[in-house]
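Survey of secondary and tertiary structure
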Amino acid sequence: MTFTKEYQLALLAQCADPTFMKEVGALMHGDSFQPELRPIVEELLTQFAAGRYLSTAQLTQLADKHGQQLPTPSGSRSFDRAEVVKFLCYRELRRSLAIAHQKHEEGDFDAAIDVVSRTKERFPQLGDVAPDILSDTVVLPVRHNLVATGLDPLDAILGGGLGDGDVTMILSILGGGKSSFMVGLGAEAIRKGHRIYHVTLEDPAAEIVNKYKANLTATVDPDWEVVKTKLRAGSGRLYIREHPAGCMTVGDLDREMPKDVSLCLIDYDDYVRPTRRTGSSYEEAGEVYGELKRLAAQRKIPVVIACQAKYEGYNGDVIKPEHAANSLEKPRKATHILSLTPSNALTEPTGEKWVLCSVAKNKHGRAGNVIHIKANFATCQFVAGKVE
């Protein structure tokens with residue numbers, strides 16, 4: 001990333017605004033700083049220390065005095081505050097991104113993303129600039145075996161859908177639609193020819209089968225022969241495995257899951273145990289996600305897992321990662337987090353309800369978007385609406 005002399009002069013022109021004066025000193029610490037601008041910056045800092053601010057006209061005179069032509073803020077190129085702050089924070093960003101690049105070279109892509117995320121937290125004024133800087137510095141691995149969710153806006157935000165090595169948390173309160181949403185994901189994948197492994201640790205397998213029937217036939221009282229005809233028409237397959245609650249480890253999942261599976265769905269995380277036991281339920285909850293990430297990477301498939309949100313701290317707004325029950329290690333280790341917040345105030349005459357789907361964490365792009373989804377919980381079908 002190179003900042004030209006013209007760019008720096010334009011920034012200095014905007015530093016006549018007192019709101020930027022406190023950040024002017026950072027100009028002198030960037031690796032791309034132009035030495036001939038040092039006298040101007042030093043004078044600005046001297047004036048600022050004395051409690052005086054230079055007008056644009058005075059700043060222009062100062063630049064002329066040192067043989068520099070200062071462009072006006074209304075010139076041919078305009079610089080918004082995000083660009084200015086990006087420049088002023090450049091040195092610190094460069095240091096952080098060097099670490100991220102090292103982690104990338106070592107193949108630890110999650111650690112590279114975490115470094116950038118922490119940097120963005122330290123510089124909240126960067127807004128959406130940090131991901132752009134990351135893309136210039138760290139090249140993320142090419143994603144393969146993408147499985148579309150069937151919700152076009154969500155697929156676009158996730159970079160094409162769910163990819164190999166991804167562990168996506170579906171986070172919601174009790175009765176918020178986690179199980180139905182996962183059936184919707186699985187049914188859409190089946191239509192696209194994928195082979196799905198659906199693990200249920202809470203609901204009976206027969207209930208999950210009925211949900212898939214309802215989705216694939218778009219009726220709450222499906223004809224099983226119609227369902228079988230639809231399945232035979234494509235190459236998609238559905239495996240459903242029922243486990244008693246608390247009796248499945250990630251090692252069991254690896255041994256039992258067929259080799260031809262292209263998407264694994266797990267409902268839900270509190271009933272899964274890690275292969276390596278530590279004696280701490282908090283640590284073990286996070287270890288489950290760590291082991292699932294390794295399994296997803298080895299199998300080259302995406303894994304989707306439901307997670308209960310606690311009511312403590314939840315006030316009816318969009319559910320956030322910190323609402324995950326039992327351990328904050330779970331959202332920290334997940335590659336994506338999709339939170340589902342029921343909107344009881346918005347109900348269609350047909351009985352369909354609106355759900356707010358927040359992309360709370362996104363390894364492959366920007367997080368924070370909220371997608372309005374019309375949900376038919378009877379048939380486990382979901383239709384994307386507007387995106388915020």
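Below you will find a few notes about this structure. (Residues numbered from 1 in each chain as written. Predicted model: local features only at pLDDT ≥ 70, side-chain atom pairs only at ≥ 80, totals over all residues. Heavy atoms only, no water.)

Within this structure, the stated rule accounts for 14 salt bridges. Of the charged contacts in the structure, one is a salt bridge between E284 and R277, with a shortest N-O distance of 3.2 Å. For R277, a relative accessible area of 52% puts it in the exposed group. What emerges from the salt-bridge pattern is a single network uniting E188, R191 and K192. (Salt bridge = Lys/Arg side-chain N within 4 Å of Asp/Glu carboxyl O. Buried < 20%, exposed > 50% of the residue type's maximum accessible area, 1.4 Å probe, protein only.)

Looking now at unusual backbone geometry. Glycine aside, the phi torsion of most residues is negative, and most peptide linkages are trans. Here the amide bond leading from D267 into Y268 is cis, since omega sits at 5 degrees, within 30 degrees of zero. Within the secondary structure layout, Y268 lies in the loop between β5 (263-267) and β6 (272-273). Phi at K300 takes a positive value of approximately 60 degrees, unusual for a residue other than glycine. Within the chain, N326 stands out as a residue other than glycine whose phi angle is a positive 80 degrees. (Helix = DSSP H or I, 4+ residues; strand = E, 2+ residues; numbered from the N terminus.)

Here T219 lies in the loop between α11 (205-217) and α12 (224-233). Through-space distance from the C-alpha of T219 to that of T379 is 6.2 Å; in sequence the pair is 160 residues apart. In this structure T219 touches A214 and T379, once residues within four positions along its chain are discounted. (Contact = heavy atoms within 4.5 Å.)

On to the packing of helix α10 (residues 178-191) against α11. In the contact formed by α10 and α11, the axes pass within 9 Å of each other and the chain directions differ by 55 degrees. Regarding the angle of α10 to α11, the classification is oblique. Taken as a pair, α10 and α11 cross one another with a handedness that is right-handed. From α10, S179, S180, M182, V183, G184, G186, A187, I190 and R191 reach across to α11, where they touch K211, Y212, N215 and L216. (Axes fitted to C-alpha atoms, helices over the stretch in contact; angles between N-to-C directions. Parallel < 35°, antiparallel > 145°, perpendicular 65-115°, else oblique. Left-handed = near helix turned anticlockwise from the far one by under 90°.)

Along the polypeptide, R118 turns up in helix α7 (residues 109-122). R118 sits in the partly exposed class, given a relative accessible area of 48%. Spatially, the C-alpha atoms of R118 and S96 are 9.1 Å apart, while their sequence positions differ by 22 residues.

This part is about the side chain of T335. By the element assignment, T335 lies in the loop between α15 (329-333) and β8 (336-347). Looking at T335, its side chain comes within polar contact range of the main-chain nitrogen of V167, at 2.8 Å. (Polar contact = N/O pair within 3.5 Å; in protein donor to acceptor, adjacent residues only side chain to side chain.)

This part covers the packing of aromatic side chains. Summed over all chains, the structure comprises three aromatic pairs. Ring geometry for F181 against F382: centres 5.3 Å apart, planes inclined by 75 degrees, an arrangement best described as edge-to-face. A residue pair is termed long-range when its members are at least 10 positions apart, and F181 in helix α10 and F382 in strand β11 (residues 381-387) qualify at 201 residues. In this structure F181 comes out as buried when scored by relative accessible area, which is 2%. On the basis of an interplanar angle of 80 degrees and a centroid distance of 6.0 Å, the ring pair of F377 and F382 is categorised as edge-to-face. For F377, a relative accessible area of 32% gives the class partly exposed. (Phe/Tyr/Trp six-rings, centres within 6.5 Å; stacked < 30°, edge-to-face > 60°.)

Core analysis: the largest hydrophobic core is formed by 33 residues, its most contacted members being F181, Y212, L263 and V304. Put simply, the parts of the chain that give this core at least two residues each are α9 (152-157), α10, α11, β5, β7 (303-308), β8, β9 (353-362) and β10 (370-376). The dominant element in this core, judged by the number of residues it contributes, is α10, at seven residues. Beyond its immediate chain neighbours, meaning those up to four positions away, L263 contacts V147, L162, L185, A189, R195, I196, Y197, P302 and V304. Listed in part, the 29 residues of the second largest apolar core include V272, Y289, L295 and A334. (Core = buried A, V, L, I, M, F, W, Y, C linked by side-chain atoms within 4.5 Å.)

These results come straight from atomic positions and should not be treated as a statement about function.
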